[in-house]
Amino acid sequence: MALMDTRAGRASGRFASAWRRAARAILVALAASAAAGDSAGQPPESLDALAHRALATIEGELAVPGLKAPVEVIRDEWGVPHIYAENDDDLFFAQGYVMAQDRLWQMEMWRRWREGRLAEVFGPEALDYDRRTRLMMFRGPFDETEWTSYHPDAHRLFTAHANGVNAFIEQNRDNLPVEFQLTGVEPEPWTAETAVLRWAALGVPSVRGHALHEMQLALNVARYGAEEANRRFAPDPWDDLVVPDGLDVSIITEDILDAMRAGDGDPFTAGRLPALEIVEPYRDLVSPREPRAARVLPGVVATEGSNNWVMTGARSPTGVPILANDPHRRIEMPALRYFVHLNAPGWNVIGGGEPPFAGVDAGSNASMAWGFTFAGTDMVDVYVEELHPDEPDLVRWQDGWEPLRVIEEEIPVKGRDPEPIVLKFSRHGPVFYEDLENGVAYAVRSVVQEPGTAAYKGSFQLAQAESCADFFDRAMHWLVPTHSLVCGDADGNIALQVTGLTPDRDGWNGRLPVPGNGDYEWKGFREDLPREFNPERGYVATANNNVHPPGYEGRPVFYHSSRGVETSRIARLHQILGAGETLSVDDHKGIQHDAKLLAAERDIPAFQGWTSDDPDVEWARGLIAGWDAIVSSESAAGALYVRWNAEVDDAARDAETPEAERQALIEQGLTAAIARLTRELGPDREEWRHGRVHASALQHMFVPEFDLPAVERPGGFGAINATGANFRRIIDLADPDRSVASNAPGQSAQPGSPFYGNLAENLGNGQYFPLLYTREAVEEHATHRLTLRPGGR
């Protein structure tokens, strides 16, 4: 028999009961009616007025229950809060409070996603995401091993952060941010556990060797054989693919992959969720949104990746290292990340991070700075569990059978009865697909089921590091995501440490699914991850590339694919950084905004030395032939090239293709590019420019009236200045006040705030703001001063 763990109470007990939800709905309706003047026969107030009334207080004094002593919050000209507290409980309490002031709606959506509660507000269309989250979520125990992995005081600090969030919510129940008022959604209390909710997905972005990739490779082995499937994947470093003994790839189908993709990934990607319902009396104030797929402008690919580098002091004008980092993610509004400065005894760290906005994910202190890019250690394995022929809730383990663990839950669903779900788990992890016809079930073992694997929370250790030598041990607490962390310190040292809780697979490498009978088990976790300290080249740089250092003799910790994987960013970085020049902060700004395409530089000669009989094609050919391969915002040649690159037959680049045929293919590609640009940008070629092709939309989640104009941008398509580049830092360790940053469109997610869209144009104009560190510099640029005092209710 299966082990039954009926947890409907656990799942739904933390949600409001039916009568309480009904009572709340009545209260929300009454409050909305009163706020809009409905009961007095007055027309609803305007959206702008509603948003302005909901703005958080960022000036003056507030009495806040839960504080031990006063806390000062100084917002500078660019909206960065500098929080000064007398103790670390108050420091993280105030961070939670301030984050709720500026980003509570974003935090609420993040929490619902990570708790499997989206359907409660979005309806049945969100059920796939909730099922997947609940299957893959970390279910404890939340014990000392979990908390101390992040920091010796993590539980206390995360509790303080949650208390700060809750204090803001309770003080503003009658005037929550405008999105809550428009939808009737009510935020619920946070706990310390909220801050450590996991990335719960089969295609989790923390790993490149994730479950979907394993299954896709296995499907290709079934189609083409191991040798050809491996050739197509082109692993880097190279590995001769070996099919594990006992794995039957012939039974793996596209149906399994389709089931794996359902509910995986980011639900807030354009078009995946329905529009939220606007409650009365505000319905007529909000214009209907076009389908959310339209949020991505024509032709723009939401590139994700990252760049980081750090130069030794010998390559800096001051003799002290400079560190640069720009982790890439989807451009959205509000921005994914947020800058904050945390100052209390034992803490003086500045930087930014993403929800749940506890601590600083990428930051610097007085002694050192760190930055990250995705590395790609393989942190997931798919296990094929053999089912008992008569009792399908029993699975093979060694010479016998053992029961699956079964959990039953209910998912609250907007507008209908709760959805019952049954979740199954083998000893290896969640069962994501059962194939009863072939007598197998597929389970995934992922490190996110292990203690200490909340994303980025190893940063709490790094925030108090004193040097790059100190950095190495602290970096090993950074268990998820898998990252290439770089470090620079004020003593002149630079370093690299690859991080990520990486399974030790003795005798196998995890590239394909394995039988779950006990022959392929993790032996623990590896500690021999690649690192460098003060390399002779004078710099460390990574860009999601293979970062096994030269001479690395250990077993590979990842297998990147060199097929279809863009590597021009790291190649271009080596071109620039390897030239041996001394580089200032301004020079590093230019590097982060470098828009040269190495692929275009290689292709341009193919457009030279011939002419086309078609005048339109000849016009386009001539532009590209004389182009410098830099995709500036104004470049018509850049727009033509990126569209040609998307349309041309691959044989046009093949040296074995006959020259006449290659030219014909190039012309065909240009014809297609011209037609596409005409559709996208119109017939007036004077208006064709790369910035229009590479524009980033800045649209509110569901209120068109709160949208900001799209920003035309240079770069993308393989440039260092990538499509997803927004959150940027350049840290001068000789003088922290010379450090700079960018993060568009603004720090605040509250429409009407002075910091809602004040940084939007930085996406396209290459501008930064000062990342102020010393109290003197902060005071010089202070614009809003808020004192939080103990007391109140």
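Reading guide: rules and limits
Residues numbered from 1 in each chain as written. Predicted model: local features only at pLDDT ≥ 70, side-chain atom pairs only at ≥ 80, totals over all residues. Heavy atoms only, no water. Pairing = 2+ DSSP bridges. Helix = DSSP H or I, 4+ residues; strand = E, 2+ residues; numbered from the N terminus. Salt bridge = Lys/Arg side-chain N within 4 Å of Asp/Glu carboxyl O. Buried < 20%, exposed > 50% of the residue type's maximum accessible area, 1.4 Å probe, protein only. Disulfide = S-S within 2.5 Å. Expected span 1.5 Å × (residues − 1). Contact = heavy atoms within 4.5 Å. Phe/Tyr/Trp six-rings, centres within 6.5 Å; stacked < 30°, edge-to-face > 60°. Lys NZ or Arg CZ within 6 Å of the ring centre and 35° of its normal. Axes fitted to C-alpha atoms, helices over the stretch in contact; angles between N-to-C directions. Parallel < 35°, antiparallel > 145°, perpendicular 65-115°, else oblique. Left-handed = near helix turned anticlockwise from the far one by under 90°. Nonpolar A, V, L, I, M, F, W, Y, C, P; charged D, E, K, R; others polar. Core = buried A, V, L, I, M, F, W, Y, C linked by side-chain atoms within 4.5 Å.

1. With respect to the pairing of strand β17 (residues 431–435)
Side-chain direction in a regular strand flips from residue to residue, so the side chains alternate between the two faces of the sheet. For β17 and strand β18 (residues 440–446), the ladder comprises four bridges, and the chain directions are antiparallel. Following the sheet pairing, Glu434 is matched in β18 by Ala441. The loop that links β17 with its antiparallel partner β18 comprises four residues; one of these, Gly439, has a positive phi angle of about 70°.

2. Quick word on the pattern of salt bridges
Within the structure shown, the criterion is met by 63 salt bridges. Note that Glu386 and Arg396 form a salt bridge whose closest N and O atoms lie 3.6 Å from each other. Here Glu386 is found in strand β12 (residues 380–386), whereas its partner Arg396 is found in strand β13 (residues 394–397), with ten residues between them in sequence. Relative accessible area serves as the criterion here: at 23%, Arg396 is assigned to the partly exposed category. The residue Asp504 makes a salt bridge to Arg555 at a minimum N-O spacing of 2.9 Å. Of the two residues, Asp504 sits in the loop between β20 (494–498) and β21 (514–515) while Arg555 sits in the loop between β23 (539–542) and β24 (560–561), which places them 51 residues apart along the sequence. For Arg555, a relative accessible area of 41% puts it in the partly exposed group. Because the salt bridges share partners, they merge into one network encompassing Glu108, Arg111, Arg112, Glu115, Arg117, Glu120 and Glu188.

3. Focus: the pairing of strand β16 (residues 416–425)
Taken together, the eight bridges between strand β15 (residues 405–413) and β16 define a ladder with antiparallel strand orientation. Following the sheet pairing, Arg405 is matched in β16 by Phe425. Counted between consecutive antiparallel strands, the loop separating β15 from β16 contains two residues, among which Gly415 sits at a positive phi close to 85°.

4. A few points about the state of the cysteines
Scanning the model with the defined rule gives one disulfide in all. With its sulfur 2.3 Å from that of its partner, Cys468 forms a disulfide with Cys487. Negative torsions about the S-S bond denote left-handed disulfides, and the value of about -100° found for Cys468 with Cys487 makes this one left-handed. Of this pair, Cys468 sits in helix α14 (residues 468–475) while Cys487 sits in strand β19 (residues 483–489), and the two are 19 residues apart along the sequence. Of the two residues examined, Cys468 and Cys487, each falls in the buried class.

5. Examining helix α20 (residues 659–681)
One full turn of an α-helix is made of 3.6 residues, so residues set three or four places apart face in the same direction. For α20, which comprises 23 residues, the first-to-last C-alpha distance of 32 Å matches the rise-based estimate of 33 Å (1.5 Å per residue) to within 8%. Here α20 has its buried residues at Leu665, Ile666, Glu667, Gly669, Leu670, Ala673, Ile674, Arg676, Leu677 and Leu681. Structurally, α20 contributes buried residues whose contacts are with α18 (615–625), α19 (636–647) and α21 (690–693).

6. A look at the packing of aromatic side chains
Summed over the entire model, instances satisfying the criterion amount to 32 aromatic pairs. Ring centres 5.6 Å apart and planes at 55° place the aromatic pair Phe471 and Phe472 in the tilted group. Across this residue pair, the class does not change: Phe471 and Phe472 are buried. Through a chain of ring-to-ring contacts, three or more aromatic side chains come together here, namely Phe92, Phe138, Phe142, Trp147, Tyr150, Phe158, Trp347 and Phe460. Here the guanidinium or amino end of Arg396 rests over the ring plane of Trp401, the centre of that ring lying 4.1 Å away.

7. Some remarks on the environment of Pro81
Inspection of the secondary structure puts Pro81 in strand β4 (residues 81–84). The sequence separation of Pro81 and Leu640 amounts to 559 residues, and the corresponding C-alpha distance is 43 Å. In this structure Pro81 touches Val73, Ile74, Arg75, Val98, Tyr338, Phe339, Val340, His341 and Gln747, once residues within four positions along its chain are discounted.

8. Description of the packing of helix α4 (residues 88–115) against helix α8 (residues 154–171)
Between α4 and α8, the shortest axis-to-axis distance is 7 Å and the interhelical angle comes to 50°. As judged from the angle between their axes, α4 and α8 are oblique. In this structure, the crossing between α4 and α8 has a hand that is right-handed. Of the residues in α8, those in contact with Asp88, Asp89, Phe92, Phe93, Gln95, Gly96, Tyr97, Ala100, Gln101, Leu104 and Met107 of α4 are Arg156, Leu157, Ala160, His161, Asn163, Gly164, Val165, Ala167, Phe168, Ile169 and Gln171. Residues of the contact of α4 with α8, tallied by class, amount to twelve nonpolar, seven polar and three charged.

9. Regarding the sheet that holds strand β27 (residues 728–732)
Read across the open sheet, the six strands follow the order β23-β6-β7-β27-β28-β29; overall the sheet is antiparallel. A strand with exactly one partner marks an edge of an open sheet, and here the two such strands are β23 and β29 (769–770). The pairing of strand β6 (residues 306–311) with strand β7 (residues 322–327) spans six bridges and is classified as antiparallel. Residue pairing for β7: Asn307 is matched across the bridge by Asp326. Along the sheet face, helix α16 (residues 585–592) touches β6, β7, β27 and β28 (740–742) and points at about 160° away from the line of β27.

10. Focus: the packing of helix α10 (residues 211–224) against helix α11 (residues 226–233)
Running from N to C, α10 and α11 point in directions that differ by 130°, and their axes come no closer than 7 Å. Judged by the inter-axis angle, α10 sits oblique to α11. When the axes of α10 and α11 are compared, the crossing they make is right-handed. Contact residues: α10 offers Leu217, Asn220, Val221 and Tyr224, while α11 offers Ala226, Glu228, Ala229, Arg232 and Phe233. Taken together, the residues of the contact of α10 with α11 sort by class into six nonpolar, one polar and two charged.

11. Brief notes about the nonpolar core
Membership of the largest hydrophobic core comes to 173 residues, with the highest contact counts inside it found for Phe122, Phe158, Leu182 and Tyr442. For this core, the element with the highest residue contribution is α4, accounting for 14 residues. Excluding anything up to four places from it in sequence, Leu182 contacts Leu47, Leu50, Glu277, Ile278, Val279, Tyr282, Val286, Phe702, Val703 and Phe706. If you look at the next biggest cluster of nonpolar residues, it comprises 31 residues, including Val642, Trp644, Ile666 and Trp688.

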